[in-house]
Amino acid sequence: MSNKLEFDRPINELEVKINELKIFSEEKEISLDKEIEVLEERLNRLKREIYENLNPWQKTQIARYVERPSTMDYIKYIFQDFIELHGDREFGDDKAMVGGLAFLNKSPVTLIGHRKGKGIKENVLRNFGMPHPEGYRKVLRLMRQAEKFKRPIISFIDTPGAFPGIGAEERGQGRAIAENLMALSCLKTPIVVVICGEGGSGGALALSVGDRICMLEHAVYSVISPEGCASILWKDSNRAEDAASVLKITAQDLLEFGIIDVIIPEPLGGAHRDYQCTAENIKDVIMNQLKELDKVPVDELIKNRYNKFRKIGEFLEQGK
Amino acid sequence: MLRDFFKKAKSSKYAVLDIPGRAVSPKDEEMIKCGECGEVIYCKEGDLEKHYKVCKKCNYPLKLTAMERLSLILDAGSFVEYDSKMESKNPLNFPEYEDKLVAARESTGLKEAVVTGEGTIENIPLVIGVMDQFFISASMGSVVGEKITRALETAVEKKLPIIIFSASGGARMQEGLLSLMQMAKTSAAVAKLNSSGQLFISVLTNPTTGGVTASFASLGDIIIAEPQALIGFAGPRVIEQTIRQKLPTGFQRAEFQLQHGMVDMIVERKDLRRTLSRLLLMHKRV
Ligand SMILES: [Zn+2]
C-alpha cells in the first residue's frame with residue numbers, strides 16, 4: 001500500500017520482515033522460532049512506543065486513515081441481520097449517511113451513522129462522508145421511528161463535517177442540523193453515541209446528542225479541522241499539527257473536559273490492525289451502557305440528557 | 001462612550017439602558033462606509049433613530065452594536081440586563097485568546113458577544129438577546145451559549161416570549177469542543193421552551209453563519225431576516241474552495257433564504273419594532 005501512515009512505517013516494515021521469516025522457515029522447513037519470537041517482542045515494544053505516545057495530529061491521521069474500520073465494518077462485526085432503510089421522504093437518500101435496523105444480541109436496535117467510502121470511487125459516491133440536509137433528515141426520521149417502537153439508538157460518528165455546497169445551503173443545512181440537535185435532546189429512547197473516526201464539527205454533533213458519548217481511543221472530535229484552524233490562526237494550513245494540539249481534540253482531552261463519558265480501547269497498534277477486536281471492545285461498551293440506561297425511567301432519561309449538555313461550558317461569574 | 005449606554009442606576013444592581021436614540025458610537029460623529037456599495041455615511045447624535053444605520057444609497061443595513069439594537073427595539077428605559085458579569089476564560093489555554101478577549105472588551109465595552117435581559121416593546125414584556133458582532137465576530141463560546149440558554153430558561157420560568165437577534169461568525173474556535181457543545185445546549189433549551197408553549201422569534205441579521213445558524217437561530221417559531229443579510233451554515237469562502245466555482249450573486253442572502261423557505265419574512269429595520277410588537281400582541285396570553 002502506498003498510503004500508509006508515516007509514523008506507522010517502522011511497525012509495518014517489521015511486520016513484513018516477520019512475515020517473510022515465517023514463510024521462509026515454512027518453505028525451507030527450518031525452525032526460526034527463536035528469531036521470530038525476538039522480533040515479535042521488538043514489534044510489540046515498537047507498537048507500544050509509537051501508539052502510547054501519539055500526538056493529536058497523528059491521532060487525526062489515524063482517525064482519517066482509509067484502512068481504519070468504518071461504520072459499515074462495525075455494523076457487520078457487532079450486529080446481526082442489518083436491514084438498511086433509505087431516504088428522508090422529502091428529497092432523497094443521502095449516501096454519506098447510513099441508517100437501519102439490526103439485532104444486538106437478539107434485541108432490535110436502530111443504527112445510524114456517517115458513511116465514508118473505502119477507495120476514491122466509493123468515497124465519491126459517499127461524498128467522503130459529508131452529509132447534505134437530506135442525510136440529517138433521514139436519520140432524524142429513523143430516530144423518531146426508534147422512539148415510536150421503543151428501540152435504543154446506536155450512532156456511529158465518522159465525518160469530516162457537513163458538506164459545504166450550494167445544494168446543501170439551498171435545502172437548509174443549518175436548519176437540518178439544528179432540528180436534529182433539538183429533537184435528540186428530548187427523544188424518548190436511549191441513545192448511545194460512538195465516535196469511532198473523525199468527529200467533524202456540527203456535522204458530527206448532529207448525530208452525537210445522546211445519553212452516553214463513547215469514543216475510540218484514537219478517534220478525534222473537533223469544532224474545526226486542524227487545517228482550517230491553522231489557516232485562520234496562522235494563515236498557514238501547513239501548521240495543522242500545531243493546531244491539532246491547541247484544539248484539544250483527543251478522547252483523552254475530551255474525557256477530562258467532561259464532554260465524553262467513556263474511552264473505548266483500541267488494539268495495540270490501532271483499530272486498523274484488528275477489526276474484530278475493535279468491534280468487540282465497542283460491543284462490550286454498548287452492551288454495558290444500554291444495560292444501565294435500560295433501568296432509567298424515560299422522564300429521568302430525558303432530564304439527565306438535558307443536564308448532561310446543560311452543564312458543559314467554562315466561564316467566570318463574579319459574585320458567584 | 002458606548003459604555004454610557006449602561007447607566008448604572010443607583011439602587012439597582014443591574015445596568016439600565018435609558019434611551020433610545022442617544023449616542024450612536026464611541027465618537028460623537030462617525031463615518032461608516034457601506035459594506036455593499038461603498039457609500040460613506042455620516043452618523044451623528046440622534047441619527048440612529050432617523051436612518052437606522054441603513055445605507056441611503058443601496059438600502060444595506062450596516063452593523064449595529066447590541067446597545068444600538070436594544071435602543072431601536074425596546075421601550076425607552078425598559079431594559080434590565082441579565083448575567084452582566086459573566087466573562088469568558090481560556091479553558092484550552094488557546095494561544096492569544098486572552099489578548100483577543102481583552103481587546104474585544106475594550107473596544108466594545110461589553111463583557112461578551114451577547115447581551116441578554118428583559119424589557120418591553122409597546123409595554124409587552126419579553127426576554128431579549130442580542131448578539132454583537134463587534135465582539136470577536138459574535139462567535140459562540142461558553143458564555144454566549146450559557147447566556148442564551150439562561151435567557152431561554154428564564155422565558156420558560158417567567159412565562160415570557162423571547163426574541164433573539166442573531167449575528168455570528170459561528171462557533172468560537174478558541175474554546176474548542178466546549179463551543180460546539182453550546183449548539184446542543186441552546187437547541188435543547190429551545191426544545192424546553194417549545195414544550196412550555198412560549199413564543200420564540202429569531203431575527204437573523206448580517207451575517208448569521210455556522211454553529212449559530214445550525215442551532216437556536218434556526219429554531220424560532222417565527223424567523224425574520226434583515227434585508228440582504230448573509231445567512232447560511234458554511235461560509236461562502238469555504239463553499240467556493242470546496243466546489244471550486246464562483247457562487248451566484250445573492251447566494252445565501254436573506255432574499256435567497258426567503259425564496260428557499262428558510263425564513264418567514266424579511267423586515268426592514270425601520271419596520272422591525274412595529275412588526276415585532278404586532279407578533280407579540282398576537283401571542284399575548286389573556
Ligand atoms: Zn450602500
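Our subject is the structure listed above.
Details of helix α8 (residues 173–185) of chain A
Residues and elements named next belong to chain A.
Thought 1: For α8, which comprises 13 residues, the first-to-last C-alpha distance of 19 Å matches the rise-based estimate of 18 Å (1.5 Å per residue) to within 8%.
Thought 2: Within α8, 11 of the 13 residues are buried, which leaves it mostly tucked inside the rest of the structure.
Thought 3: Along α8, the positions that sit buried rather than exposed are Q173, G174, A176, I177, A178, N180, L181, M182, A183, L184 and S185.

As for unusual backbone geometry
Thought 1: Following N206 of chain B, the chain continues into P207 of chain B via a peptide bond in cis, with omega recorded as -15°.
Thought 2: Following the sequence through the fold, P207 of chain B ends up in strand β10 (residues 200–208).
Thought 3: Residue E29 of chain A is not a glycine yet carries a positive backbone phi of 55°.
Thought 4: In this structure, E29 of chain A sits in the loop between α1 (9–28) and α2 (33–51).

Notes on the interface of chain A and chain B
Thought 1: Listed as interface residues are 48 residues of chain A and, on the opposing side, 56 residues of chain B.
Thought 2: Its largest share of buried area at the contact with chain B, chain A owes to E169, Y306 and R310 of chain A, together 15% of the area lost on that side.
Thought 3: Where chain A meets chain B, there are three salt bridges.
Thought 4: Between R310 of chain A and E153 of chain B there is a salt bridge whose closest N-O contact spans 2.8 Å.
Thought 5: Run the count over chain A and chain B and you get 14 residue pairs in polar contact (both at pLDDT 80 or more).
Thought 6: Mapped onto the side of chain A that touches chain B, the elements with two or more residues apiece are α7 (166–170), α8, α9 (201–205), β7 (220–222), α10 (226–233), α11 (240–247), α14 (298–310) and β9 (315–317) of chain A.
Thought 7: Per-element accounting of the side of chain A that touches chain B gives the leading share, nine residues, to α8 of chain A.

As for the pattern of salt bridges
Thought 1: According to the stated counting rule, one finds 40 salt bridges over all chains in the structure shown.
Thought 2: Note that R212 of chain A and E292 of chain A form a salt bridge whose closest N and O atoms lie 3.0 Å from each other. Remark: E292 of chain A occurs in helix α13 (residues 275–294) and R212 of chain A occurs in strand β6 (residues 212–216); sequence separation between them is 80 residues.
Thought 3: When its relative accessible area of 40% is taken as the criterion, E292 of chain A is described as partly exposed.
Thought 4: Among the salt bridges present, the one from K308 of chain A reaches D261 of chain A, with a minimum N-O distance of 2.7 Å. One end of the pair, K308 of chain A, is in helix α14; the other, D261 of chain A, is in the loop between α12 (251–256) and β8 (262–264), with 47 residues separating them in the sequence.
Thought 5: Among the ionic contacts, a cluster of salt bridges with common partners joins R310 and E317 of chain A together with D83, E146, R150, E153 and K185 of chain B.

Brief notes about a nonpolar patch on the surface
Thought 1: Side chains of I120, V124 and F128 of chain A sit close together on the surface and give an oily, nonpolar patch of about 310 Å² of accessible area.
Thought 2: The residue V124 of chain A is located in helix α5 (residues 120–125) in this model.

Side note on the coordination of the zinc ion
Ideal coordination angles are 109.5 degrees for a metal with four donors arranged tetrahedrally and 90 or 180 degrees for a metal with six donors arranged octahedrally.
Residues and elements named next belong to chain B.
Thought 1: Taken together, C34 (SG), C37 (SG), C55 (SG) and C58 (SG) make up the protein donors of the zinc ion, found 2.3 Å from the metal.
Thought 2: Metal-centred angles of 106 to 112° between the four donor atoms at the zinc ion mark the site as tetrahedral.
Thought 3: Taken in chain order, the donor set of the zinc ion reads C-x2-C-x17-C-x2-C.
Thought 4: Judged by relative accessible area, which is 4%, C34 ranks as buried.

Describing the side chain of Q228 of chain B
Thought 1: Tracing the backbone shows Q228 of chain B in the loop between β11 (222–225) and α7 (236–243).
Thought 2: Filtering out sequence-adjacent residues up to four positions away, Q228 of chain B remains in contact with E36, C58, N59, Y60, N206, R253, A254 and E255 of chain B.

The rules we used
Each chain has its residues counted from 1, following the order in which its sequence is written. Here the convention is simple: chains get letters from A, ligands get numbers from 1, in the order in which they are written. Since the coordinates come from a predicted model, pLDDT governs what is reported: local features require at least 70, and pairs of side-chain atoms require 80 or more to be given and counted, while whole-chain, interface and lining totals use all residues. Values reported for side chains reflect all heavy atoms of the structure, with hydrogen atoms and water molecules removed beforehand. In DSSP terms, a helix is any run of H or I states spanning at least four residues, a strand is any run of E spanning at least two, and both are numbered starting from the N terminus. Expected helix span is computed as 1.5 Å times (number of residues minus one). The rule is simple: take the accessible area with a 1.4 Å probe, protein chains only, and divide by the maximum for that residue type; under 20% is buried, over 50% is exposed, in between is partly exposed. By definition in these notes, contact holds between two residues if any of their heavy atoms fall within 4.5 Å. By buried area we mean how much accessible surface two parts lose on assembly, using a 1.4 Å probe and totalling the loss over both. A pairing counts as a salt bridge when a side-chain nitrogen of Lys or Arg comes within 4 Å of a carboxyl oxygen of Asp or Glu. N or O atoms closer than or at 3.5 Å make up a polar contact, with two conditions inside protein: a donor-capable atom paired with an acceptor-capable one, and, for residues adjacent in sequence, both atoms drawn from side chains. Patch members must show over 30% relative accessible area and no salt bridge, and they are joined within 9 Å when carrying like charges or within 5 Å when they are nonpolar side chains of Val, Leu, Ile, Met, Phe, Trp or Tyr. Computed with the Shrake-Rupley method and a 1.4 Å probe, the accessible areas treat only the protein chains shown as cover for residues. Sites may look incomplete because water is not among the atoms; the donors themselves are N, O and S atoms within 2.8 Å of the metal, or within 3.2 Å for Na, K and Ca. The rule is simple: four donors are tetrahedral if all their angles sit between 85 and 135 degrees, four are square planar and six octahedral if opposite donors span more than 155 degrees and the others lie between 65 and 115, and anything that fits none of that is irregular.

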